[in-house]
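# What the coordinates show
Below are the chains, spelled out letter by letter.
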Amino acid sequence: MRTKIIFAVLFTVWVGTIYAQEVIIKGTLRCVNNGVATSTRGAVNIVIIPSFNPAASVATTTTPQGFFQISTGWDIKALRDKDVTLYIITKCSSCKKIQRVFISEDLDKRNTDPTKMYVTVKGWKILENCSNTELPDILSEQLLDSAHHLPPQDISGKATGSAAMAPVSFLNLFQSLAAVAAGGGAQGFYQAVGIPGGKIAYGEFLHTSVITNTDNTGFNFAPSRNLSEAVFWNPASIATGDKPHNISLLTNFRNNIKLSGYQQITQQFYIGLGGIYTKQDQYRSVLYSQGGDPVPMPHPEKLEEFAVFLAPVYKINNKLSAGITLKSVWQQFNNPDKAALEFDNNGDLQNFFKDDSIKKQNFDVDLSFNYKITNALQAGVSVMNVAGSKLYADMFIKDSANQTYINQRAYGVGLCYKRGRLNVGLDALFTDNDFYDASIGVNYIPFNNGLIAAGYAFKQQSFSVSFRLKHFRIAYIYDNNLVINEVKIPKSNIFDGKIYSGFIFDF
């Protein structure tokens, strides 16, 4: 019996060693020696970052020159048949920064350690003089220590043959720091002098929230059955609801939330209250200078935009109702000013960007009308931001006259056709001087307390699909990359923030 137990334990350990092999990536990185293209030697003090796990970063050694060995921390089962990316930090800003290595079980058959699988990178060479490539000892150590604090990339769900690679824009920041410091300009501040175009659409969250970032696509200006966003886009339609009270929530728990409710005060008077909050972030190239040629640096930026709505509604008769909305709209973001290379006592990079905090707040008014043409046809009209309040259209250089704005005034019209279980809705939004977008939607009642809805926006080419069961609702909202989030990588990337959920309580 004892022999069987010992055998079982040994077998378990043996199986564990077979199926738990850590991938080790090793090799020698070489550079051009003394300007002779045919002569190379090992490049020392070069920081190598495995972008899928920066905590495993190493620097090339001096003995032997240029050698590196990376304990990836990943099992072969997770990396098998994937391209992994090694990113190098050098003084040379124009040198090739990326080396991709395909992980395959047949790459190194000479290893006798069953708990490790060694993958050798062969023939890796930087086509630049060693003196223009290698980092000073202290800078190499400081950058390496900072790289160890970067978050890992979750690659467990990626398919065979896919790339295991974190966003290069984040790693580019370290290259910029290395280039600036190695050039002897680490002391003092660098002034922002130019801002190339970015991905985030500043000042448009109110426009996109009604057409694109909604689960009620096509029904917001003449809502039927789903009045969860009526407070925002046509509060006059509240008077058409079957219930005198409502509270609703829709959020993706990441960067977008809508919360609203309304209450019937008298037979003809209602009041609604609600709020919308959106958040976006990105890495964006900003040009900095200390008097010489501008240096592009990946700048992390964050934009928050939100609004609060208070909407009294009056029911004129059984066909016509009107509403007036008092609102406050906020916008805040970090605006580039200066950059500095600073290290704390632990050698970590801190406070590299010295940004200004920009905040803008406006009060404005909306007018809305809802008209029941027939029992089967309903129309709605909204005039939003009558006072013409403005939000910033982008970041800007400090003290520059080149500051652009987006007028928030907009006009919305909607039409809803009702036929039995099926409703069809059409919304159109016009900004102060242009047509913004139009959307079409359908909703259908398959059974009691159930509602299925879908909609499509034509210019943005976005769509939504949602399902409501009594008080609970869930939706998939595809915004066609209108909302940008790339700075903070979430722990879970399931559907990339496109799954929304919430509740609707009508009582």
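Note that this is a predicted model, so its numbers are computed, not measured.

## Focus: the state of the cysteines
- Counting across every chain of the model gives two disulfides.
- One disulfide bridge connects Cys-31 with Cys-130, the sulfur atoms lying 1.9 Å from each other. With the S-S bond torsion at 105°, the cross-link from Cys-31 to Cys-130 turns out right-handed. Taken together, the positions of Cys-31 in strand 2 (residues 30-33) and Cys-130 in the loop between strand 10 (125-129) and helix 3 (137-147) put the pair 99 residues apart, joining distant regions of the chain.
- In this model Cys-92 forms its disulfide with Cys-95; the gap between the sulfur atoms is 2.0 Å. In this structure, the disulfide formed by Cys-92 and Cys-95 twists by about 95° around the S-S bond and is classed as right-handed. Here Cys-92 and Cys-95 have matching classes, each one buried.
- Counting its disulfide-bonded cysteines in sequence order, the protein shows a connectivity of 1-4, 2-3.

## Here we look at the sheet that holds strand 9 (residues 116-121)
- Pairing in this open sheet of three strands is mixed, and the strands run 6-1-9 from one edge to the other. Looking along the sheet, the strands with just one partner apiece sit at the ends: strand 6 (67-75) and strand 9. Shown here is a sheet whose adjacent strand axes are inclined to one another by a mean of 20°, direction ignored.
- Pairing of strand 1 (residues 22-28) with strand 9, which is carried by six bridges, proceeds in the parallel orientation. Directly across from Lys-26, in strand 9, lies its bridge partner Thr-120.

## Considerations on the sheet that holds strand 3 (residues 36-42)
- Ordered in space as 3-2-10, the three strands form an open sheet in which the pairing is mixed. Looking along the sheet, the strands with just one partner apiece sit at the ends: strand 3 and strand 10. Here the strands of the sheet are splayed against their neighbours by 40° on average, with no regard to which way each runs.
- Strand direction decides the pairing type here: strand 2 and strand 10, joined by three bridges, are parallel. Looking across to strand 10, one finds that Val-32 is bridged to Asn-129.

## A closer look at the confidence of the model for the protein
- Averaged over every residue, the pLDDT of the protein is 86; residues scoring 70 or more account for 84%.
- Of the regions scoring below 50 in pLDDT, residues 4-18 engages in two contacts with residues more than four places distant in sequence or in other chains.
- Taken together, the stretch residues 165-169 has pLDDT below 50 and engages in 14 contacts with residues farther than four places along the chain or on a different chain.

## Notes on the pattern of salt bridges
- Tallying each qualifying case throughout the model produces twelve salt bridges.
- Glu-301 serves as the salt-bridge partner of Arg-284, at 3.6 Å between the closest nitrogen and oxygen. Of this pair, Arg-284 sits in strand 15 (residues 269-289) while Glu-301 sits in strand 16 (residues 295-315), and the two are 17 residues apart along the sequence. An identical accessibility class is assigned to Arg-284 and Glu-301; each is buried.
- Bridged by salt links that share partners, the residues Asp-337, Lys-338, Asp-356 and Lys-398 form one connected network.

What counts, and where the lines are drawn
- Residues numbered from 1 in each chain as written.
- Predicted model: local features only at pLDDT ≥ 70, side-chain atom pairs only at ≥ 80, totals over all residues.
- Heavy atoms only, no water.
- Disulfide = S-S within 2.5 Å.
- Helix = DSSP H or I, 4+ residues; strand = E, 2+ residues; numbered from the N terminus.
- Buried < 20%, exposed > 50% of the residue type's maximum accessible area, 1.4 Å probe, protein only.
- Pairing = 2+ DSSP bridges.
- Axes fitted to C-alpha atoms, helices over the stretch in contact; angles between N-to-C directions.
- pLDDT = per-residue confidence, 0-100.
- Contact = heavy atoms within 4.5 Å.
- Salt bridge = Lys/Arg side-chain N within 4 Å of Asp/Glu carboxyl O.

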